[in-house]
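Each chain is listed here by its residues.
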Amino acid sequence: MAPRVRPARSAAQAPKDAEKDSATPSTKTPTPVLSQPTTEVEQALSELKKQVEANSDYVGANFAEEARAIHTGDAPERAIYGEANAEEAKSLVEEGVPVLPLPFRPGRKSN
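This text gives an overview of the structure that appears in the document. Keep in mind that what you see is a predicted model, and the values were worked out from it rather than measured. (Residues numbered from 1 in each chain as written. Predicted model: local features only at pLDDT ≥ 70, side-chain atom pairs only at ≥ 80, totals over all residues. Heavy atoms only, no water.)

**Side note on the overall build of the chain**
Moving on, step 1. Along the backbone of the chain there are 4 helices and 2 strands.
Moving on, step 2. Here the chain holds 111 residues, and 14% of them are scored as buried.
Moving on, step 3. The contacts in the chain between residues at least 6 apart in sequence include a share of 49% that link residues at least 24 apart.
Moving on, step 4. Carbon and sulfur atoms make up 53% of the accessible area of the chain, which amounts to about 9,700 Å² in all. (Helix = DSSP H or I, 4+ residues; strand = E, 2+ residues; numbered from the N terminus. Buried < 20%, exposed > 50% of the residue type's maximum accessible area, 1.4 Å probe, protein only. Contact = heavy atoms within 4.5 Å. Areas by Shrake-Rupley, 256 points an atom, 1.4 Å probe, with all protein chains shown as cover.)

Rendered as structure tokens:
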């Protein structure tokens, strides 16, 4: 199986120059920037994410263990967020631990 290799920049720009020479104008619409929220819903989710990150501790993959420890009183009570797979989340709900899935992924600084 051969990998898909992107052509060099000079080769990729050549067809664009050919389009400029054609008599028909381009009808392409500009591509929206993905890093900026555009709709009200996206803006609300962005604001929610900022509030969660500012007012909670990120516990990463240890979310289930940390949530259980807080629920049983073994860890100090505080707001946390992190990651849990479906099986861990179901187990937390069955044990009566109050959890809520967030509508976004944590913005971690990792590769």
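From this point, the discussion proceeds with the structure in view.
**So, the layout of surface pockets**
Moving on, step 1. Roughly 680 Å³ of volume is contained in the largest pocket.
Moving on, step 2. At the level of secondary structure, the elements contributing two or more residues to the lining of the largest pocket comprise helix H3 (63–72), strand E2 (80–82) and helix H4 (86–94).
Moving on, step 3. Among the elements that make up the lining of the largest pocket, the one with the highest residue count is H3 (4 residues).
Moving on, step 4. Here the residues of the lining of the largest pocket are counted per class, giving 18 nonpolar, 3 polar and 3 charged. (1 Å grid on protein atoms, 1.4 Å probe; cavity = no way out; pocket = protein on both sides within 12 Å on 5 of 7 lines; lining within 4 Å. Points joined across faces, edges and corners; volume = space filled by probe spheres on them. Nonpolar A, V, L, I, M, F, W, Y, C, P; charged D, E, K, R; others polar.)

**Some words on the packing of aromatic side chains**
Centre-to-centre distance and the angle between the planes together describe a pair of aromatic rings.
Moving on, step 1. Counted according to the given criterion, the structure contains 1 aromatic pair.
Moving on, step 2. Geometrically, the ring pair formed by Tyr 58 and Tyr 81 is tilted, given 5.3 Å between the ring centres and 55° between the ring planes. In this pair, Tyr 58 sits in strand E1 (residues 57–60) while Tyr 81 sits in strand E2, placing the two residues 23 residues apart along the sequence.
Moving on, step 3. Since its relative accessible area comes to 10%, Tyr 81 is described here as buried. (Phe/Tyr/Trp six-rings, centres within 6.5 Å; stacked < 30°, edge-to-face > 60°.)

**Some details on the packing of H3 against H4**
Moving on, step 1. With their axes 10 Å apart at the nearest point, H3 and H4 run at an angle of 10° to one another. By the criterion of interaxial angle, the relationship of H3 to H4 is roughly parallel. For the pair H3 and H4, contact is made by Phe 63, Ala 64, Glu 65, Ala 67 and Arg 68 and by Glu 88, Ser 91 and Leu 92, respectively. (Axes fitted to C-alpha atoms, helices over the stretch in contact; angles between N-to-C directions. Parallel < 35°, antiparallel > 145°, perpendicular 65-115°, else oblique.)

By themselves, these are just geometric observations and shouldn't be taken as functional.
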